[in-house]
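Residue-level structural notes
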Amino acid sequence: MPELPEVETVRSGLANAIVGRTIRNTSIFHHRAINPKSEFDFAILEGQKVISVGRRGKFLWIRTQGSLNLVAHLGMSGQFLIQPKRKTDEVHLRARISFTKGTDELRFIDQRTFGWLAISGDGPEVPLMASHIARDLFDPEFNTKLVVESILLKKSEIKRVLLDQKVLSGIGNIYADESLWRARIHPQTAANSLTRRQLSNLLRQATAVMSEALAVGGTSFDELYVNVNGQSGYFDRTLAVYGREGEPCDRCGTPIIRISFANRSSHLCPKCQIWPAISAGGTIFENR
DNA sequence: TTCTGCTCCTGAGGGC
DNA sequence: TGCCCTCAGGAGCAGA
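Here is what the cut-offs are and how they apply
- Residues numbered from 1 in each chain as written.
- Chains lettered and ligands numbered in written order.
- Predicted model: local features only at pLDDT ≥ 70, side-chain atom pairs only at ≥ 80, totals over all residues.
- Heavy atoms only, no water.
- Near = heavy atom within 4 Å.
- Polar contact = N/O pair within 3.5 Å; in protein donor to acceptor, adjacent residues only side chain to side chain.
- Nonpolar A, V, L, I, M, F, W, Y, C, P; charged D, E, K, R; others polar.
- Pairing = 2+ DSSP bridges.
- Helix = DSSP H or I, 4+ residues; strand = E, 2+ residues; numbered from the N terminus.
- Axes fitted to C-alpha atoms, helices over the stretch in contact; angles between N-to-C directions.
- Contact = heavy atoms within 4.5 Å.
- Domains from an automatic or database assignment.
- Salt bridge = Lys/Arg side-chain N within 4 Å of Asp/Glu carboxyl O.
- Buried < 20%, exposed > 50% of the residue type's maximum accessible area, 1.4 Å probe, protein only.

In this section: the protein's contact with DNA strand B. Around DNA strand B lies a shell formed by Arg32, His92, Gln111, Arg112, Thr113, Phe114, Leu153, Lys154, Lys155, Ser156, Arg160 and Asn263. Among the atoms of DNA strand B lying within 4 Å of the protein, the sugar-phosphate backbone contributes 57%. His92 is positioned with one of its side-chain polar atoms (N or O) 2.6 Å from a phosphate oxygen of DNA strand B. At a separation of 3.5 Å, a sugar or linking oxygen of DNA strand B approaches a polar side-chain atom of Thr113. The class makeup of the residues in the surface near DNA strand B is two nonpolar, five polar and five charged.

Pairing within the open sheet is antiparallel, and its four strands lie in the order 1-6-7-5. Where the open sheet ends on each side, the last strands, each with one partner, are strand 1 (23-28) and strand 5 (78-84). Between one strand axis and the next, the sheet turns through 20 degrees on average, direction left out of account. Strand contacts of helix 1 (residues 4-18): strand 5, strand 6 (93-99) and strand 7 (104-110), with the helix running at about 30 degrees to strand 5, the strand carrying the most contacts.

Below, the discussion takes up the protein's contact with DNA strand C. The full set close to DNA strand C counts 15 residues, and His73, Met76, Phe114, Tyr242 and Arg258 are the nearest of them. The contact atoms of DNA strand C, taken as those within 4 Å of the protein, divide so that sugar and phosphate hold 60%. In this structure, His132 approaches DNA strand C through a side-chain N or O atom, which is 3.3 Å from a phosphate oxygen. At 2.5 Å from a phosphate oxygen of DNA strand C is found a side-chain nitrogen or oxygen belonging to Arg258.

For chain A, the assigned domains are domain 1 (4-130) and domain 2 (144-282). Of note, the centres of domain 1 and domain 2, computed from C-alpha atoms alone, are 29 Å apart. The interface is formed by 20 residues belonging to domain 1 together with 19 residues belonging to domain 2. At the boundary of domain 1 with domain 2, the tally comes to zero salt bridges. Where domain 1 packs against domain 2, one counts three residue pairs in polar contact (both at pLDDT 80 or more). Put simply, the parts of the chain that give the side of domain 1 that touches domain 2 at least two residues each are helix 1 and strand 5. The greatest single-element share of the side of domain 1 that touches domain 2, amounting to eight residues, is contributed by helix 1. Each residue belonging to the side of domain 1 that touches domain 2 can be placed in one class, and the counts come to eight nonpolar, seven polar and five charged.

Bringing the pairing of strand 5 into the picture now. With six of seven residues buried, strand 5 lies mostly within the body of the structure. Here strand 5 runs beside strand 7; their pairing, made up of seven bridges, is antiparallel. Bridging across to strand 7, Gln83 finds its partner in Glu105.

The strands making up a sheet associate through backbone hydrogen bonding, with each pair oriented either parallel or antiparallel. Taken in spatial order, the four strands make up an open sheet running 2-3-4-8, and their pairing is antiparallel. Across the chains shown, the open sheet's two edge strands, defined by having one partner strand only, are strand 2 (50-56) and strand 8 (116-121). Geometrically, the sheet is characterised by an average inter-axis angle of 25 degrees between neighbouring strands, direction not taken into account. Sheet analysis places strand 2 next to strand 3 (residues 59-64), joined by six bridges and oriented antiparallel. For Gly54, the partnering residue across the bridge sits in strand 3 and is Trp61. Seen against the sheet, helix 1 touches strand 2 and strand 3 and runs at an angle of roughly 175 degrees to strand 2.

Pasting the structure below:
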């Protein structure tokens, strides 16, 4: 599942492959590949020269000379691949962008169709369609103190807050679990019950774990994430809790457990990450 | 205004 | 072998 390190790996690969090239043609093969909020028709990209590839959190965009942005979200299974034109189409090919020169093309592939593309005009800092999300931890202007204060206003479980892209962007289920394990915080702890020191440490751990993942090309937990050249990342080999249910915790040896959380899974060490005496919402649980 | 739960979607895997 | 069910989860929306 692409989160910030994976999207940054894709952004970097795209920048190397398509900046400076002129778009010849665009083709869309599935209606769900286009976000209904797209401000323009895709044909408007034809003849536009790519000048940069940007990213905030899990959103990325291809900016053209005419101040247009092809904004993309990879969802759960979206992939951008640079492929030879002669290569057979992938089963889940959703869109194709060809260029005026070169023997390759850009393909958007998405098995589960949660990803999307859209054309958006420029906003003050980022394209309008990505302007509603908060800065991510890799943003040079990310302000830890401000984010800590905003988290302290939340009564929800800390994991839900970490996944809220309007609080801070880029963190998904895998890195939320890994960050909470490193910070020794139970995912169901009420956000406003944590101290400023704990929250600062949590953000530091989240930055560290995602930096380490980025250095090895991201996490390829299954075949749903590859970079633009079709290669997998290697961070799944060093995950501490995600996908390790029943295996011993690297710190204390206690078996990792998986709990159901907001329609998805949370992985944690029940010894290192103490069950909160009072969880979010005020329900009382016992330590276990 | 804030919080919570549901929905969208597809393919893999397990059970019968 | 084939059918059915469950699971995976990002983001937006509706309802409380």
